[in-house]
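Here is what each chain is made of, one letter per residue.
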Amino acid sequence: MNRPTTDHATLADKFNENEPRVNWHDETLWWVRAKRDRQAWSIPEWELLRETASQIKLNVLGNLHDYLIQFEQQALQNGAVVHWAADAAEHNRIVTTILQRHGVKRMVKSKSMLTEECHLNPHLQANGIEVIDTDLGERIVQLAKEPPSHIVLPCIHKKKEEIGELFHEHLGTPAGNADPQFLTAAARQHLRQEFLQSKAAITGVNFAVAETGEMVVCTNEGNADMGAHLADVHIACMGMEKIVPERKHLGVFLRLLARSATGQPITTYSSHFRKPAPGKELHIVIVDNGRSRQLGREDFRNSLKCIRCGACMNTCPVYRRSGGHSYHTAVAGPIGAILAPNLDMKDYADLPFASTLCGSCSNVCPVKIDIHQQLYKWRQVLVQEGHTSGMKTAGMKVMSAVLSKPGNYKKAGKMGRWVLKAFPGMVNNRFNPWYKQREMPAPPKQSFSEWYAEQQSTKK
């Protein structure tokens, strides 16, 4: 597992050094959020779809064991080979063993956040297997030697000029050419050769149908189809929560997914994989990696309803202005901030605090995950478990003492107003995080309670 070298606030500060990029990043993601809104408002039954999807997922989480067994039985009957992985290390070993058995030294992979979570690429490379990511955004960040910064838009943090430079360096395109159509065509030509010569392909799984044992993979580029159909060995890696009970339920989720993710009516390719072609192999690796633990946490189990649309990222004011890499985990943004502490409370204790708790993430979630409530609950758990800094813990104890008694609150307010007026430098300094990029307000002459009491007395 990757160990963060620093916390979200420090990494966000680094991202914010380039203010024009921050503004551009913010505006671009809000544009995607606006597209989502237009698509949602165009469907009268949008809220019914959200509620239906939420209830289906709740049913899955309440009966996950039975649905997983049903899915495995159906997949085996279809001719697939099913593997079970308790954690990321076992997942990586299973995939590596399959590839080594077939003598694979170079293979293609479509976008899969599970493999990012498990850090599969570095593991395969350490075992002499070169991985070519075939999603355009994933390929761009792979060439840049960076992780994705967004689960749907992996290179949203990069401008077209930077991509042009990367392609010039690695693909031999003309220097200075940043035309998106030209660069896309160059990438397509480059990847076509990789598809044609690869013996094995890895894909993610968006939905796995318990009733039929089939998997659905959603892409806008068709790269999963190219890889899976041309290769002799298809390895599908799925988190165990990706189950839906019946095939008919796909109609609900497919209508929600693309609209929430990119503001499209539907994903360009929604590909169904059920049986291996004659002479070929289909392997399905079902991964736990902390999901059972999250399922057992009553306050946080709803996070497993997530369909990885990224809508919470596109709307989050903190994510938009801090960048995905500031979250130092595979799944960034609000949803990542409630998933990551389940994997490691100590390493990801900073993430639930990287939020304004405004609730916008919960409002746009297509499966109605109470994200902002879980962020708040994680904060409580992390404090209770001792995973916050001594300064924050001490500060919270002081605030608790002040806010729990009206008398203390009034005295502290009066003292604070006096300090702001008499000694502003005690507040307006570089040691106060709230002072960064802000002008502290002028101290009010009286508190709200004093003003209210005064107003009431004038009415009598």
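None of these values were measured; they are calculated from a predicted model.

Chemist: Please clarify how the overall build of the protein chain should be interpreted in this entry.
Modeler: On a plain count of helices and strands, the protein chain comes out with 21 helices and 10 strands. Taking 23 Å as the expected radius of gyration for a compact globule of 460 residues, we find that the protein chain reaches 25 Å, a close match to that expectation. In terms of principal-axis extent, the alpha carbons of the protein chain reach across some 90 × 55 × 45 Å. Here the protein chain, with 460 residues, has 50% of them falling under the buried criterion. Excluding contacts between residues fewer than 6 apart, the proportion of contacts in the protein chain whose partners are at least 24 apart in sequence is 74%. Total accessible area on the protein chain is roughly 22600 Å²; 54% of this is exposed by carbon and sulfur atoms. Charge-centre separation for the protein chain: the mean point of 57 positive side chains lies 6 Å from the mean point of 46 negative side chains.

Chemist: Can you help me understand the domain arrangement of the protein chain in this one?
Modeler: Where interface size is given, it is often the accessible area lost as the parts come together that is meant. The domains assigned to the protein chain are domain 1 (1–42 + 317–388), domain 2 (43–289) and domain 3 (403–459). Each of domain 1 and domain 3 has a C-alpha centre, and the two are 30 Å apart.

Chemist: Where do I start with the layout of surface pockets in this structure?
Modeler: The probe, sized like a water molecule, is rolled over the atoms to show the empty space still left. By volume, the largest pocket amounts to about 2200 Å³. Along its surface, the largest pocket is lined by 48 residues, and A9, F353, K392, P433 and W434 are the ones closest to its centre. Those elements giving two or more residues to the lining of the largest pocket turn out to be α1 (8–15), α2 (19–41), α15 (317–322), α18 (371–384) and α19 (390–403). When its residues are assigned to classes, the lining of the largest pocket shows 19 nonpolar, 17 polar and 12 charged. Counting only domains with at least three residues in the lining of the largest pocket, you end up with domain 1 (1–42 + 317–388) and domain 3 (403–459).

Each value, and the rule that gives it
- Residues numbered from 1 in each chain as written.
- Predicted model: local features only at pLDDT ≥ 70, side-chain atom pairs only at ≥ 80, totals over all residues.
- Heavy atoms only, no water.
- Helix = DSSP H or I, 4+ residues; strand = E, 2+ residues; numbered from the N terminus.
- Rg over C-alpha atoms; globule rule 2.2 N^0.38 Å.
- Buried < 20%, exposed > 50% of the residue type's maximum accessible area, 1.4 Å probe, protein only.
- Contact = heavy atoms within 4.5 Å.
- Areas by Shrake-Rupley, 256 points an atom, 1.4 Å probe, with all protein chains shown as cover.
- Lys, Arg positive; Asp, Glu negative; His and termini not counted.
- Charge placed at Lys NZ, Arg CZ, Asp CG, Glu CD.
- Domains from an automatic or database assignment.
- 1 Å grid on protein atoms, 1.4 Å probe; cavity = no way out; pocket = protein on both sides within 12 Å on 5 of 7 lines; lining within 4 Å.
- Points joined across faces, edges and corners; volume = space filled by probe spheres on them.
- Nonpolar A, V, L, I, M, F, W, Y, C, P; charged D, E, K, R; others polar.

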